[in-house]
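Geometric and topological summary
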Amino acid sequence: MPTRQFTEDRGEFETDPRWTAIDEYTTSHLHPPSRPNHAAITHAIKNSAAKGLADIAAPSNIGKFLALQCQMLNAKHAIEFGTLGGCTAIWLTTMNPNLKITTLEYEASTAEVARENIANAGVSDRVDLILGPAVDALPRLEQEIQSGQREKLDFAFIDSDKMNNWTYFDWAVGMSRPGACIVVDNVVSKGNLADAKAAETNHMVKGAQMCVENVGKDDRVEAMVMQIVGEKDYDGFLMAVVK
Ligand SMILES: C[S@@+](CC[C@H](N)C(=O)[O-])C[C@H]1O[C@@H](n2cnc3c(N)ncnc32)[C@H](O)[C@@H]1O
């Protein structure tokens, strides 16, 4: 049975020894230390923890899932909202040698750790980390795409301040090519997504509901939500494909 826990950085979350065991078992077989990016990912996780970053990066199986999505799309241009220690940016670039990613991070001290991790992974030349509130960077990025200075996006990962999920999604669709994929993380929100009462007090749930409901009315995309359990909680993401 799942048990509830509380930590400073993650608040209340559920864990279950079966969920953790399956993540450990599958990762040990499907992404063992012999994989070329294993050391870079491990270093990013350890260095982020040592420098005091919260343990809220997408877990390794999700990082790899996103990297495989990019492989299927033959993605060359991606955006990430919320860099943290750069773990997901490292997954995407190390497994997609032709991929460039723009990643947006609000906190200067966090961005510094991400830059260290990204440099250690040897992918600094393909990661453009923009410091500041994500909304501030978007008009310039969109203008560069409209004017042809920058390629349209193949892939977007939305994983920062959850009340802006829909805002970022809307911008991401506008900057994407037909067939591009947009993933919004954590929308299942510890199983509270469908709880109207939870949305009154919990901004993560509110932001997730606003996003799901607006995406459902958006004729520019087709979308679904995948529920997930794992070492880090009961959660899940919204995935959309741009028409
Ligand atoms: C969940 S973490 C990102 C994890 C990362 N995507 C990964 O999987 O490795 C969220 C990050 O978003 C950043 N953030 C919060 N609000 C932001 C904003 N308005 N603009 C840009 N980044 C923001 C936080 O500082 C934090 O580093």
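We now turn to the structure provided with this report.

Rules behind the numbers
- Residues numbered from 1 in each chain as written.
- Predicted model: local features only at pLDDT ≥ 70, side-chain atom pairs only at ≥ 80, totals over all residues.
- Heavy atoms only, no water.
- Helix = DSSP H or I, 4+ residues; strand = E, 2+ residues; numbered from the N terminus.
- Buried < 20%, exposed > 50% of the residue type's maximum accessible area, 1.4 Å probe, protein only.
- Contact = heavy atoms within 4.5 Å.
- Polar contact = N/O pair within 3.5 Å; in protein donor to acceptor, adjacent residues only side chain to side chain.
- Disulfide = S-S within 2.5 Å.
- Phe/Tyr/Trp six-rings, centres within 6.5 Å; stacked < 30°, edge-to-face > 60°.
- Near = heavy atom within 4 Å.
- Areas by Shrake-Rupley, 256 points an atom, 1.4 Å probe, with all protein chains shown as cover.
- Nonpolar A, V, L, I, M, F, W, Y, C, P; charged D, E, K, R; others polar.
- Pairing = 2+ DSSP bridges.

Okay, the environment of Asp159 next. Relative to the helices and strands, Asp159 is located in the loop between strand 6 (153-158) and helix 7 (165-174). Classification of Asp159 by relative accessible area gives buried; the value is 14%. Note: C-alpha distance between Asp159 and Phe81 (78 residues apart in sequence) is 5.4 Å. Apart from residues lying up to four places away in sequence, Asp159 is in contact with Phe81, Gly82, Asp185 and Asn186. Of note is the side chain of Asp159, whose polar atom sits 3.0 Å from the side chain of Lys162.

The next point concerns the state of the cysteines. Cysteine pairs can be covalently joined through their sulfur atoms, and such a bond is termed a disulfide. According to the stated counting rule, one finds zero disulfides in the structure shown. Among the cysteines around Cys181, which has no disulfide bond, Cys70 carries the closest sulfur, lying 7.9 Å off. On the basis of relative accessible area, Cys181 is assigned to the buried category, the value being 3%. Here Cys211 is not cross-linked by a disulfide; its sulfur's nearest cysteine counterpart is in Cys181, at 13 Å.

Counted according to the given criterion, the structure contains three aromatic pairs. Centre to centre, the rings of Trp166 and Phe169 are 5.8 Å apart; their planes meet at 20°, and the pair counts as stacked. Taken together, the positions of Trp166 and Phe169, both in helix 7 and three residues apart, correspond to about one turn of that helix. In this structure Phe169 comes out as buried when scored by relative accessible area, which is 0%.

A separate point is the side chain of Thr102. Among the secondary structure elements, Thr102 is positioned in strand 4 (residues 100-105). For Thr102, a relative accessible area of 7% translates into the label buried. Here the side chain of Thr102 touches Arg150 through a polar contact of 3.1 Å, side chain to side chain.

Around the ligand, 22 residues are found, and the nearest of them are Glu80, Gly82, Thr88, Glu105 and Asp159. One of the backbone nitrogen or oxygen atoms of Ala134 is found 2.9 Å away from a nitrogen atom of the ligand. Interatomic distance of 3.4 Å between a side-chain N/O atom of Asp161 and a nitrogen atom of the ligand. The protein chains hide 88% of the 610 Å² of surface that the ligand would expose on its own. For the shell around the ligand, the secondary structure elements donating two or more residues are helix 4 (87-94) and strand 4. A per-class count over the shell around the ligand returns eleven nonpolar, six polar and five charged.

This part covers the pairing of strand 5 (residues 127-131). Pairing between strand 4 and strand 5: five bridges, direction parallel. Along strand 5, the bridge assignment pairs Glu105 with Leu131.

Okay, unusual backbone geometry next. One non-glycine residue, Leu84, lies in positive phi territory at about 50°. Relative to the elements of secondary structure, Leu84 occurs in the loop between strand 3 (77-81) and helix 4. Note on Leu84: relative accessible area 19%, which makes it buried.

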